[in-house]
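Survey of secondary and tertiary structure
If you want the building blocks of each chain, they are given just below.
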Amino acid sequence: MASNRMEGMQLAEDQIKILEENFNKVTKHPDESTLMLIAAESGLTEEETAKWFRLRNAQWRQAEGLPAHLGSVKD
(Lines give C-alpha, C1' and ligand atoms only; values in the text may rest on other atoms or scores of the structure.)
Protein backbone atom coordinates (compact mmCIF):
# COMPACT_ATOMS: atom_id res chain seq x y z
CA MET A 1 0.00 0.00 0.00
CA ALA A 2 1.14 3.52 -0.67
CA SER A 3 2.54 5.64 2.10
CA ASN A 4 0.86 8.79 3.44
CA ARG A 5 3.75 10.73 1.96
CA MET A 6 4.58 10.34 -1.70
CA GLU A 7 7.27 12.77 -2.87
CA GLY A 8 6.02 15.77 -0.94
CA MET A 9 2.33 14.87 -1.00
CA GLN A 10 0.82 14.72 2.48
CA LEU A 11 -2.49 12.88 2.29
CA ALA A 12 -5.09 11.96 4.88
CA GLU A 13 -5.93 8.29 5.44
CA ASP A 14 -9.39 8.69 3.88
CA GLN A 15 -7.85 10.28 0.76
CA ILE A 16 -5.38 7.41 0.42
CA LYS A 17 -8.20 4.90 0.84
CA ILE A 18 -10.19 6.52 -1.99
CA LEU A 19 -7.14 6.72 -4.26
CA GLU A 20 -6.03 3.14 -3.55
CA GLU A 21 -9.54 1.75 -4.09
CA ASN A 22 -9.74 3.47 -7.47
CA PHE A 23 -6.21 2.35 -8.38
CA ASN A 24 -6.87 -1.29 -7.48
CA LYS A 25 -10.52 -1.70 -8.50
CA VAL A 26 -11.23 0.87 -11.21
CA THR A 27 -8.13 1.76 -13.22
CA LYS A 28 -4.41 2.33 -12.91
CA HIS A 29 -4.60 4.86 -15.77
CA PRO A 30 -7.69 7.07 -15.32
CA ASP A 31 -8.87 9.14 -18.26
CA GLU A 32 -9.62 12.83 -17.81
CA SER A 33 -13.24 12.44 -16.70
CA THR A 34 -12.44 9.58 -14.29
CA LEU A 35 -9.55 11.61 -12.87
CA MET A 36 -11.92 14.54 -12.31
CA LEU A 37 -14.38 12.29 -10.43
CA ILE A 38 -11.65 10.73 -8.28
CA ALA A 39 -10.27 14.20 -7.49
CA ALA A 40 -13.71 15.43 -6.44
CA GLU A 41 -14.31 12.34 -4.30
CA SER A 42 -10.94 12.60 -2.56
CA GLY A 43 -10.95 16.39 -2.11
CA LEU A 44 -7.76 16.84 -4.14
CA THR A 45 -7.13 18.89 -7.24
CA GLU A 46 -6.97 17.08 -10.58
CA GLU A 47 -3.25 17.89 -10.73
CA GLU A 48 -2.62 16.36 -7.30
CA THR A 49 -4.67 13.30 -8.24
CA ALA A 50 -2.80 12.88 -11.54
CA LYS A 51 0.54 13.21 -9.69
CA TRP A 52 -0.53 10.58 -7.16
CA PHE A 53 -1.47 8.17 -9.97
CA ARG A 54 1.86 8.79 -11.74
CA LEU A 55 3.82 8.10 -8.56
CA ARG A 56 1.66 5.13 -7.57
CA ASN A 57 1.99 3.61 -11.06
CA ALA A 58 5.78 3.91 -10.87
CA GLN A 59 5.70 2.26 -7.44
CA TRP A 60 3.45 -0.55 -8.74
CA ARG A 61 5.56 -1.12 -11.85
CA GLN A 62 8.73 -1.30 -9.76
CA ALA A 63 7.08 -3.84 -7.41
CA GLU A 64 6.12 -5.91 -10.48
CA GLY A 65 9.71 -5.83 -11.75
CA LEU A 66 8.87 -3.52 -14.64
CA PRO A 67 10.55 -0.23 -15.60
CA ALA A 68 9.31 2.58 -13.34
CA HIS A 69 8.13 4.62 -16.33
CA LEU A 70 5.80 3.64 -19.10
CA GLY A 71 7.53 2.59 -22.23
CA SER A 72 8.69 -0.33 -24.20
CA VAL A 73 8.98 -3.71 -22.55
CA LYS A 74 12.49 -3.68 -23.98
CA ASP A 75 13.47 -0.81 -21.62
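In this report, we go over the structure that sits alongside the text. None of these values were measured; they are calculated from a predicted model. (Residues numbered from 1 in each chain as written. Predicted model: local features only at pLDDT ≥ 70, side-chain atom pairs only at ≥ 80, totals over all residues. Heavy atoms only, no water.)

A closer look at the packing of aromatic side chains
Inspection of the entire model under this criterion finds three aromatic pairs. Between Phe23 and Phe53 the ring centres are 6.1 Å apart and the planes differ by 45°, which places this aromatic pair in the tilted class. Of this pair, Phe23 sits in helix H1 (residues 13-26) while Phe53 sits in helix H3 (residues 46-63), and the two are 30 residues apart along the sequence. The same class applies to Phe23 as to Phe53, namely buried. Ring pairing ties together the aromatic residues Phe23, Trp52 and Phe53, which thus form one cluster. Geometry around Phe23 places Lys28 over its ring, the cationic atom sitting 4.7 Å from the centre. Lying across the ring of Trp60, Lys28 places its NZ or CZ 5.2 Å from the centre. (Phe/Tyr/Trp six-rings, centres within 6.5 Å; stacked < 30°, edge-to-face > 60°. Helix = DSSP H or I, 4+ residues; strand = E, 2+ residues; numbered from the N terminus. Buried < 20%, exposed > 50% of the residue type's maximum accessible area, 1.4 Å probe, protein only. Lys NZ or Arg CZ within 6 Å of the ring centre and 35° of its normal.)

Structural notes on the environment of Glu41
Residue placement: Glu41 occurs in helix H2 (residues 32-42). Considered as a pair, Glu41 and Ile18 are 23 residues apart in the sequence and their alpha carbons are 7.5 Å apart.

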